[in-house]
Amino acid sequence: MIELEGVPELIDPVMVAAFEGWNDAGDAASTAVAHLEREWKGEVFAALDAEDYYDFQVNRPTVFMDGGVRKITWPTTRLSVVRVGGEKPRDLVLVRGIEPSMRWRSFCNELLGFAHELGVELVVILGALLGDTPHTRPVPVSGVTSDPDLARRMDLEETKYEGPTGIVGVLQEACTHAGVPAVSLWAAVPHYVSQPPNPKATLALLNRLEDLLDLRIPQGELPEDARAWQVGVDQLAAEDSEVAEYVQTLEEARDTAELPEASGEAIAREFERYLRRRDVGPPGGKPRPSSGGSKDDEEGPED
């Protein structure tokens, strides 16, 4: 039994998890959870024993100086909690770590033990994969679940994937078998520009999470970083005619495939997000007046 000390009683808690490694193209998913921790000042309350799950020849510890004393940081998975303010406050349990090297079932069971003790009502796992998507278009983010009822209720896809999987897929199935509602959000990162960071994909994941949980996530400098990232990739692509031609081919395929969605559900989703950002002030603050607009209402790249 996991006993937690120093953690207050949580309000409608949702667990949001991301893991570096195979499921984290461009570091988009792990950076999204790190952003939530930073913006909401998350406090770490637990860490899994690194000896149980990691091969230190694959994920090596790091040495650093702290006040003249040498210390070691071990690669592991840590849990923190943040409270999202507003008219309907709720808590997020943030899980950020590295895909384990071994004992995946025990790893998932330990995380589920925390979820049970904290009364978590939903687990959302963030991931990012390489795809044939152009960097010039909104980042595709798919929401999938193994629960048919949850898929209908939250407008998600019921996963039909078969093949190799990572810790995201294993944890989602562990949640399903344990009776814990679980969703995975996947951002598609252009395979021709896969180097981290990818702030545009990170922002897209956070926007989709915002829609899923019906809350407002402070974006900080992410919109500006996403625009700068796209400008930089534009410049690199322009210097290579073959890359530029390939990007144009991807753009044409994407535009053709998504034209029906762009005229319907996607527009409605973006309009709902606009209204939420216009009517809600800073997290924990007072709502803004419902009339009028400002530069604060503008957004960066969409999902």
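The sections below set out a description of the structure shown in this document. Predicted, not measured: the structure shown is a model, and the values here were computed from it.

1. What about helix α6 (residues 199–213)?
Move 1: For α6, with 15 residues, the first-to-last C-alpha span of 21 Å sits near the 21 Å given by 1.5 Å per residue.
Move 2: Burial within α6 is extensive, with 15 of its 15 residues counted as buried.
Move 3: Positive backbone phi, approximately 55 degrees, marks D214, located one or two places after α6.

2. Some thoughts on unusual backbone geometry
Move 1: Cis rather than trans, the peptide bond between P196 and P197 has omega equal to 0 degrees.
Move 2: Within the element layout of this structure, P197 appears in the loop between β10 (182–190) and α6.
Move 3: Positive phi outside glycine occurs at D27, with the angle close to 55 degrees.
Move 4: A relative accessible area of 31% places D27 in the partly exposed class.
Move 5: In the Ramachandran plot, K41 falls in the positive-phi region, its phi being about 55 degrees despite a non-glycine side chain.
Move 6: Mapped onto the elements, K41 comes out in the loop between α1 (28–39) and β2 (43–47).
Move 7: Since its relative accessible area comes to 66%, K41 is described here as exposed.

3. Examining the pairing of strand β7 (residues 122–131)
Move 1: With eight of ten residues buried, β7 lies mostly within the body of the structure.
Move 2: Pairing of strand β1 (residues 14–20) with β7 involves four bridges; the strand directions are parallel. Directly across from V16, in β7, lies its bridge partner V124.
Move 3: Across nine bridges, β7 lies against β10 in parallel orientation. Considered in β10, the bridge of V124 is made with V183.

Conventions adopted
Per-chain numbering applies: the sequence of each chain, read as written, is numbered from 1 onward. The model is predicted, so local features are restricted to residues of pLDDT at least 70 and side-chain atom pairs to those at 80 or more, both for listing and for counting; the totals for chains, interfaces and linings are taken over all residues. To get the side-chain values, take all heavy atoms of the structure and skip hydrogens and water. Here a strand is any run of E in DSSP of at least two residues, a helix any run of H or I of at least four, and the numbering for each starts at the N terminus. Expected helix span is computed as 1.5 Å times (number of residues minus one). Categorising residues by exposure relies on relative accessible area from a 1.4 Å probe, with only protein chains included: less than 20% of the type maximum marks a residue as buried, more than 50% marks it as exposed, and the intermediate range marks it as partly exposed. Here, strands pair whenever DSSP counts at least two bridges between them.

By themselves, these are just geometric observations and shouldn't be taken as functional.
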